[in-house]
Amino acid sequence: MADVEVGVATEVPEPLELVRLCVDEVVIVKLRGDRELKGRLHAYDSHLNLVLGDVEETIYIVDDEDEDVESVRTIKKQSEMLFVRGDSVVLVSPTR
């Protein structure tokens, strides 16, 4: 039988509990369609709809005109406040 360290929690919290810990912190949100957001998480709900502030959006565009060479261009946009629909969210991660 494996030894368990004293004082270490063995219960895994719900995934949204981990998102709750990121409220009012800067997070990275990866979205469908080769998009990425970095901003301060203000609010979320059970569907993972997010409200972010001071957001930098990065869009990755793959240019494959040349079959031998594949290049990636990035477009960056700034937004003061942004609502993100939860069905487009792939990953939420703190920046720490």
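The structure displayed is predicted, hence computed values, not measured ones.

Novice: I'd like a description of the pattern of salt bridges, backed by residues and values.
Specialist: Under the counting rule described, the total for this entry stands at 6 salt bridges. Between Arg 20 and Glu 17 there is a salt bridge; the shortest N-O distance is 3.0 Å. With Arg 20 and Glu 17 both in helix H1 (residues 15-20) and 3 residues apart, this pair spans about one turn of that helix. Taking the shortest distance from any N to any O, the salt bridge between Arg 35 and Glu 57 comes out at 2.5 Å. In this pair, Arg 35 is assigned in strand E2 (residues 35-44) and Glu 57 in strand E3 (residues 50-63), connecting sequence segments 22 residues apart. Judged by relative accessible area, Arg 35 falls into the partly exposed class, the value being 33%.

Novice: Break down a nonpolar patch on the surface for me, citing the residues and quoting the values.
Specialist: Among the surface-exposed residues, Tyr 60, Val 62 and Val 72 lie close enough to one another that they form a single nonpolar patch of about 250 Å² accessible area. Here Val 62 lies in strand E3.

Novice: Explain unusual backbone geometry to me, and be specific about the residues and the numbers.
Specialist: Here Asp 24, not a glycine, exhibits a phi torsion of approximately 70 degrees, which is positive. With respect to the element layout, Asp 24 can be found in the loop between H1 and strand E1 (26-31).

Novice: Before we move on, can you summarise a negative patch on the surface with the specific residues and values?
Specialist: On the surface, Asp 64, Glu 65, Asp 66, Glu 67, Asp 68 and Glu 70 cluster together into a negatively charged patch. In this structure, Asp 68 sits in the loop between E3 and strand E4 (71-84). According to the relative accessible area criterion, Asp 68 is exposed, its value standing at 74%.

Novice: For the sheet that holds E2, give the residues involved together with the corresponding values.
Specialist: Pairing within the open sheet is antiparallel, and its 5 strands lie in the order E4-E3-E2-E1-E5. Because the sheet does not close on itself, it has two edges, and the strands there are E4 and strand E5 (89-94). Ignoring which end each strand starts from, the neighbouring axes of this sheet average 25 degrees apart. Relative to E3, E2 is paired through 8 bridges, and the arrangement is antiparallel. By the bridge assignment, Arg 40 is partnered in E3 with Gly 53.

Novice: If you had to explain the nonpolar core to someone new, which residues and values would you point to?
Specialist: Counting residues in each nonpolar core, the largest one holds 12 residues, listed as Val 19, Cys 22, Val 27, Val 29, Leu 31, Leu 37, Leu 41, Leu 50, Leu 52, Val 55, Val 84 and Val 89. The set of elements that each furnish at least two residues to this core consists of E1, E2 and E3.

Novice: Which residues make up the side chain of Asn 49, and what values go with them?
Specialist: Tracing the sequence through the fold places Asn 49 in the loop between E2 and E3. On the basis of relative accessibility, which here comes to 16%, the residue Asn 49 falls in the buried class. At 2.7 Å, the side chain of Asn 49 and the backbone nitrogen of Gly 86 are in polar contact. When sequence neighbours within four positions are dropped, the list of residues in contact with Asn 49 reads Ala 43, Tyr 44, Phe 83, Val 84, Arg 85 and Gly 86.

What counts, and at which threshold
Residues numbered from 1 in each chain as written. Predicted model: local features only at pLDDT ≥ 70, side-chain atom pairs only at ≥ 80, totals over all residues. Heavy atoms only, no water. Salt bridge = Lys/Arg side-chain N within 4 Å of Asp/Glu carboxyl O. Helix = DSSP H or I, 4+ residues; strand = E, 2+ residues; numbered from the N terminus. Buried < 20%, exposed > 50% of the residue type's maximum accessible area, 1.4 Å probe, protein only. Patch = residues over 30% accessible without salt bridge, like charges linked within 9 Å, V, L, I, M, F, W, Y side chains within 5 Å. Areas by Shrake-Rupley, 256 points an atom, 1.4 Å probe, with all protein chains shown as cover. Lys, Arg positive; Asp, Glu negative; His and termini not counted. Charge placed at Lys NZ, Arg CZ, Asp CG, Glu CD. Pairing = 2+ DSSP bridges. Axes fitted to C-alpha atoms, helices over the stretch in contact; angles between N-to-C directions. Core = buried A, V, L, I, M, F, W, Y, C linked by side-chain atoms within 4.5 Å. Polar contact = N/O pair within 3.5 Å; in protein donor to acceptor, adjacent residues only side chain to side chain. Contact = heavy atoms within 4.5 Å.

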